[in-house]
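Fold and contact review
The primary structure of each chain is shown beneath.
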Amino acid sequence: MIDLDQRYKEKKSFFNRLIIVYSFFGIAFAFFLYRTYSIQVSEYTEYETAALENKTKEVLVQPIRGIIYDRSGKIIVNNVPTYDLIIKPSQIKNIDSFLSDLSLIIDLNSNELDYVKENFDLKASYNRELVVKKNLSEIETAKFEVRSYKFPHAFIDVRYSRYNNYPKLFSHAIGYVGGVSNDELTNILSNQNLQQIETIFKYSNGFQIGKTGIENTYDNLLRGKFGKKTYEVDARGRLLDEMQFIKPIDGKNIFTTLDIDAQKVAYDQMDNRRGAVVAIEIDTGSIVTYLSTPSFSTNAISNGISSSAFNALIKDNNKPFFDRASQGRYSPASTIKPAIGLFGLENNIIDWNFTIDDPGYFILPEDQRVYRGWREGGHGKVNLNKAIIVSSNTFFFSLAYQSDIYKLIDYLSKFGFGANVCVDCFNPDKGLLPTPEWKINNLNFGWFKGDTVNLGVGQGYLSTTPLQLAYYSSILANMGKSNKLSFVYDKNEKKNTYIQSENISNLDWKKLHHSMIGVIESPIGTAKRLQELKKFTVAAKSGTVELVSTETKEDYKIIRENEGNRDHAIIIAFGPMPNPKYAVSVVIENGESGGSVAGPVAIAVLNSLIDR
Amino acid sequence: MRKKLEFKNFSIYFDQYLFISITLVSVMGLFFLYSASQGNLNTVIKQSIYVGFGLVIMLILSQPDPDFYKIFSSLFLLIAISLMFATMIFGKEINGAKRWLNLGFFTLQTSELIKIALPIFLASYLYNKKLPISLRHTLQTLLLICFIFYLVYSQPDLGTGLVVFMAGIYILFLAGLSWKFILTSFGFIILSTPFIWNSFLEPFQRQRILTFINPSNDPYGSAWNITQSKIAIGSGGMSGKGYLDGSQANLNFLPEAETDFIFAVIAEEFGFLGICILLSFFFFILLRCIYLAFNARDRFCRLTIGGLSLIFASTLFINIGMVVGIMPVVGMPMPFISKGGSSLLSFYIAFGIIISMATHKKLMQK
């Protein structure tokens, strides 16, 4: 029996204690509610984003690369479709019976069967597609399409390959595409604010980037923009619905100024000799021919080449990968003479009537050193006109001797020597326009008067690329007007610049053209053998690049036993005269004679370009 | 106040407030479960059967006089303990835990029964003890509590073990545990915490606690649950994404969505407003329990109502605290909502007994 006092005490204590415990819970639940509020309302955006990121998966869609055309609208580089058979593993219940049904129509070899069986479960669980057979033949495609109703979960999809229709003609001009490095890819995608994620490829080779040539310089335009598919995914990463599809923007087609026919003529003429041919449309500075030989097949490089074949290309002594047109350095030799002559006229050192006696050599007054011409006994009385036609070294030695080296260098630089003359060439070399400062810094020798004299005949330190020579040729043809060279003609970009001159008139230019025509037309011209090849009047200047300095013809005969010691043959030419449209430069390594070896190539290219 | 439904020849003991609110919460729970199970009708039908059965059990258990429970409380406890031992021997092992006894028609989680039986027994043991409870009785009670806690803990089931432990402590506290003893043991617990940490907790339990303290440690490891749960709750916003439209649950990002983390599903689909409405039902149930405890006919009834309702509150507390990332992850279902037979039934049983305690008046007070 509990007494009332005790009962009251007990009841009160119970109430107090119950209130204490429930107060604790009250506070706790209030705190939980506050917590829920702060997650749901205050930090809502953050968690909403997180939930969205959880359930969405973005997949990139590769754009198709632009097509590259020649100047007449013929396709040079195209995307060639190949047809792949693709299945949706998540929809197929029994892969073995599926494959046995399929193999009645399409032959599947054991590699293909193994590949499918190995990857089937994984692709099914993530709801991805699986390529069963690549590169179906037309017959296989037709066979499948007719019976496709039997295979609702299989389909044929197009994958492209980059294909050059003239793989050996444009190895260096167009270049090739290849795999993308991680850094490059990150960079490309970050320009579109994208990240490297799973991608639906349009090319069987996956990501590609232009490695050389136009494929490289115009990569940004050719590539296009990646599209994006957004899928809903579950926690296992399985693709559910497609939520959004931003279509890829295919790359822009590039209409080049290249001329397939002339390129082919140049290629045939070069006949795999080491050298380069560059031809320019004078009015616009457009490059119409751009060839470096020997060349290689860009298709093989782009779409897979065996490593032995690749190694053979790399080890080839003729260096087929080397782009001689814009990276080969050659002395301009006698082709520089028209520019030196113009310099003499501009600075009133000579005029057209100025005459010297050419004994076949020039003696430098300072040290009595002898500088020889190419013809023993010399050319007799020589003025500028004759000096160009017969390529008199003595005339230009003595002209250079009277020149101020800084003025001369400055003048030569106006013709593009020592500079990049092309807007969109791949890695062009600037050549070398030597200055006294360059010599002391690099060779640790001061500038001698003899160096200036050598410059007068394009020998010595001066070196140029065939591209620069073509540019120079086009300026001569265009009477001092110049346009930067390019593979793609853009009206807005092209602005004619003129070589500022005080003392050179149109008449002087015409006389110069006349002299250069004489190089071919005159019976004493250095390239008179071209008379029978040309179909139009052509102005030219040939050159022969001495690789080994020899005193006499007999000495040269000895050193020429080694092919690598033979002189380079070089020529610049433009025509048809008197209103030239195209300028060309040709270099043939160890070709020996500019006029008779390089000359026919130049004439053939000009004939092809002009004779339409 | 009506406490029973009177019929011609007999009367049914019944508390309409608790009955209606529990029924409503249970029915809402079925809808939530439908969404959390991604529209799995089988799960929902099975759960509806439990709910219907549970409501009937609740009604039946409301009928006996509290004295029935008082008299048979030791028998109930003995049965519950025997079932625990049976589980140890014949139990079904799932994921390394032996918690379930297969009864053929029903897989019983026996710890859910002991969760009810222990507080009732303690109430019947302590209801006539003088205030404050003597040290001897306190220690006897504590010994029993610890023994039963250990039985549950060793299954292993830390979550339920803690609830069982707390249930015992609530009764002891409400019955008048001396403050001196409380303060002394607090000091003792604080001093022995490092020892418990090192030798009592399993490595995975330690990991859970560490993860809970710093969830950013491994977002795809042990903290995955908490991270995904918070994303689900947070992305629900004020008014939710709409019924069946919660991506976290429907696309499987939220683990244990049907059971422990169903609160996150509700928060995602119904937002803060939905949570407030749901919690207000629970608060109403708890407030009603406090009211009933205050008005109970004697000390045994008071203790039982207080203890059982506090089990309910604790379960809710642990579950929500875990889901919103305030407490470590210990498996704990949400009462009346989460999928699962035993825990669901145990709360119908508890509330049936609470109603019995609250509705029966003594005819003669001496």
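Sequence positions are assigned chain by chain, starting from 1 and proceeding in written order. Working convention: letters from A go to chains and numbers from 1 go to ligands, in the order in which they are written. Per-residue local features are limited, in this predicted model, to residues with pLDDT of at least 70; the limit for side-chain atom pairs, both in listing and counting, is 80 or more; totals at the level of whole chains, interfaces and linings are taken over all residues.

Let us look at the overall build of chain A. A count of helices and strands for chain A gives 22 helices and 22 strands. It is over C-alpha atoms that the radius of gyration is taken, and the globule rule equals 2.2 Å times the number of residues to the power 0.38. For chain A, whose C-alpha radius of gyration is 37 Å, the value lies well above the compact-globule estimate of 25 Å for 612 residues. With the C-alpha coordinates aligned to their principal axes, the bounding extent of chain A is approximately 150 × 70 × 45 Å. Here, residues touch in the contact sense if the C-beta positions derived from the backbone fall within 7 Å of one another. Restricting the contact set of chain A to residue pairs at least 6 apart, pairs at least 24 apart contribute 76%. Secondary structure elements are taken from DSSP: a helix is a run of H or I of four residues or more, a strand is a run of E of two residues or more, and numbering for both begins at the N terminus.

Time to look at the overall build of chain B. A count of helices and strands for chain B gives 13 helices and five strands. Computed over the C-alpha atoms, the radius of gyration of chain B is 21 Å, within 12% of the 21 Å expected from 2.2 N^0.38 for a compact globule of 366 residues. The contacts in chain B between residues at least 6 apart in sequence include a share of 71% that link residues at least 24 apart.

Residues and elements named next belong to chain B. Spatial strand order, β3-β4-β5: three strands in an open sheet with antiparallel pairing. In this open sheet, the two edge strands, each paired with only one partner strand, are β3 (92-94) and β5 (107-109). Each strand axis lies, on average, 45° off the axis of its neighbour in the sheet, ignoring direction. Two elements, strand β4 (residues 97-102) and β5, share three bridges in a ladder whose sense is antiparallel. Counterpart to Leu-101 in the pairing with β5 is Leu-108. Any two strands with at least two DSSP bridges between them are considered paired. Helix axes use the C-alpha atoms of the stretch in contact, all axes being lines fitted to C-alpha atoms, and the angles between their N-to-C directions lie in the range 0 to 180 degrees.

Below, the discussion takes up helix α22 (residues 594-610) of chain A. The sharpest bend along α22 of chain A reaches about 35° and sits at Pro-600 of chain A. Among the 17 residues in α22 of chain A, 13 count as buried, and that is most of the element. The term bend refers to the angle at a residue between two fitted axes, each drawn through seven residues, those ending there and those starting there. Partly exposed residues are those whose C-beta has more than 12 but fewer than 20 other C-beta atoms within 10 Å; with 20 or more the residue is buried, with 12 or fewer it is exposed, and the C-beta atoms are placed from the backbone.

All names here are of chain A. If you check the domain split of chain A, you get domain 1 (46-81 + 158-256) and domain 2 (260-312 + 321-610). Note that the domain bounds were set by an automatic or database domain assignment. Put simply, the middle of domain 1 and the middle of domain 2, counted by C-alpha atoms, are 42 Å apart. Listed as interface residues are 31 residues of domain 1 and, on the opposing side, 21 residues of domain 2. Every element with two or more residues in the side of domain 1 that touches domain 2 is listed here: β5 (154-164), β6 (177-178), α7 (213-217) and β11 (254-255). Classifying every residue of the side of domain 1 that touches domain 2 by side-chain character gives 14 nonpolar, twelve polar and five charged. Under the scheme applied here, ten amino acids are nonpolar (Ala, Val, Leu, Ile, Met, Phe, Trp, Tyr, Cys and Pro), four are charged (Asp, Glu, Lys and Arg), and all others, including Gly, are polar.

On to the confidence of the model for chain B, then. One confidence number per residue, pLDDT, is output by the predictor and ranges from 0 to 100. With 94% of its residues at a pLDDT of at least 70, chain B reaches an overall mean of 88. This prediction of the complex comes with two scores: 0.74 for pTM and 0.90 for ipTM.

Here the focus is the domain arrangement of chain B. Accessible area lost during the coming together of the parts is what is often quoted as the interface size. Residue and element names in this part refer to chain B. Looking at chain B, the domain boundaries give domain 1 (12-63 + 201-366) and domain 2 (69-180). The distance between the C-alpha centroids of domain 1 and domain 2 comes to 21 Å. Between domain 1 and domain 2, the contact holds 23 residues from the first and 24 residues from the second. Contributions of two or more residues to the side of domain 1 that touches domain 2 are made by α12 (299-323) and α13 (341-359).

Note that Val-488 of chain A resides in the loop between β18 (481-482) and β19 (497-498). Remark: the alpha-carbon pair of Val-488 of chain A and Tyr-361 of chain A, spanning 127 residues in sequence, is separated by 46 Å.

Moving on, we get to the packing of helix α1 (residues 4-42) of chain A against α12 of chain B. Closest axis-to-axis distance for the α1 of chain A/α12 of chain B pair is 11 Å, and the angle between their directions is 10°. With respect to their mutual orientation, α1 of chain A and α12 of chain B come out roughly parallel. Seen from above, α1 of chain A lies across α12 of chain B with left-handed handedness. Counted together, Glu-10, Phe-14, Leu-18, Val-21, Phe-25, Ala-28 and Phe-32 of chain A of α1 of chain A and Arg-299, Arg-302, Gly-306, Leu-310, Ala-313, Phe-317, Ile-320 and Gly-321 of chain B of α12 of chain B form the full contact between these two elements. Note that the term roughly parallel is reserved for angles under 35 degrees, roughly antiparallel for angles over 145, roughly perpendicular for angles of 65 to 115, and oblique for everything else. Should the near helix be turned anticlockwise from the far one by less than a right angle, the crossing is termed left-handed; should it be turned clockwise, right-handed.

Residue and element names in this part refer to chain B. Taken N-terminus to C-terminus, the directions of helix α11 (residues 262-294) and α12 make an angle of 165°; their axes are 10 Å apart at the nearest point. With respect to each other, α11 and α12 are oriented roughly antiparallel. Two packed elements cross with a definite hand, and for α11 against α12 that hand is left-handed. Along the contact surface, α11 presents Phe-263, Ala-264, Phe-282, Leu-286, Cys-289, Leu-292 and Ala-293, while α12 presents Arg-302, Ile-305, Gly-306, Ser-309, Ala-313, Leu-316, Asn-319, Ile-320 and Val-323. Of the residues belonging to the contact of α11 with α12, the class tally is twelve nonpolar, three polar and one charged.

With that settled, the discussion passes to the environment of Leu-462 of chain A. Residue and element names in this part refer to chain A. As for its placement among the helices and strands, Leu-462 is situated in the loop between α18 (449-455) and α19 (466-477). When the 24 C-beta atoms within 10 Å are taken as the criterion, Leu-462 is described as buried. Separated by 79 residues in the primary sequence, Leu-462 and Asn-383 have C-alpha atoms spaced 25 Å apart. What Leu-462 contacts, discounting residues up to four positions off in sequence, is Ser-331, Pro-332, Phe-417, Leu-432, Leu-433, Pro-434 and Leu-455.

Turning to the nonpolar core, a few remarks are in order. Ranked by internal contacts, the top residues of the largest apolar core, which has 111 residues, are Ile-171, Ile-262, Val-265, Ile-305, Ala-350 and Ile-354 of chain B. In this view, Ala-350 of chain B contacts Ile-116, Leu-308, Ile-311 and Phe-312 of chain B; residues no more than four positions away in its chain are not counted. Buried Ala, Val, Leu, Ile, Met, Phe, Trp, Tyr and Cys residues whose C-beta atoms connect them within 7 Å together make up a nonpolar core. In terms of nonpolar packing, the next biggest core, distinct from the first, is built from 110 residues, Val-278, Tyr-411, Tyr-582 and Ala-604 of chain A among them.

Bringing the interface of chain A and chain B into the picture now. In this complex, chain A contributes 31 residues to the contact, which on the side of chain B involves 36 residues. When residues of the side of chain A that touches chain B are traced back to their parent elements, those giving at least two are α1 and α2 (44-55) of chain A. At 19 residues, the largest contribution of residues to the side of chain A that touches chain B is made by α1 of chain A. The residue makeup of the side of chain A that touches chain B, split by class, is 17 nonpolar, four polar and ten charged.

As a further point, take α11 of chain B. One less than the residue count of a helix, multiplied by 1.5 Å, gives the span that helix is expected to have. Across its 33 residues, α11 of chain B extends only 33 Å between first and last C-alpha, which sits more than 12% below the 48 Å expected from 1.5 Å per residue. Largest kink in α11 of chain B: about 120°, centred on Phe-270 of chain B.

Residues and elements named next belong to chain A. Between Gly-575 and Pro-576 the backbone carries a cis peptide bond, its omega angle lying at -5°. Position of Pro-576 relative to the elements: it lies in the loop between β21 (568-575) and β22 (582-588). In this model, Met-577 is joined to Pro-578 through a cis peptide bond whose omega is 10°. Here Pro-578 lies in the loop between β21 and β22. A positive phi angle is found at Asn-444, which is not glycine, with a value near 65°. Residue placement: Asn-444 occurs in the loop between α17 (436-442) and α18. Overall, Asn-444 belongs to the exposed group, with 7 C-beta atoms counted inside 10 Å.

As a further point, take the pairing of β4 of chain B. All names here are of chain B. Relative to β4, β3 is paired through three bridges, and the arrangement is antiparallel. Bridging from a neighbouring strand, Lys-92 pairs with Trp-100 of β4. Between β3 and β4, which pair antiparallel and follow one another directly, the connecting turn spans two residues, one of which, Asn-95, has a positive phi of 55°. Counting the residues between successive antiparallel strands, the hairpin from β4 to β5 contains four residues, one of them, Gly-104, with a positive phi of roughly 90°.

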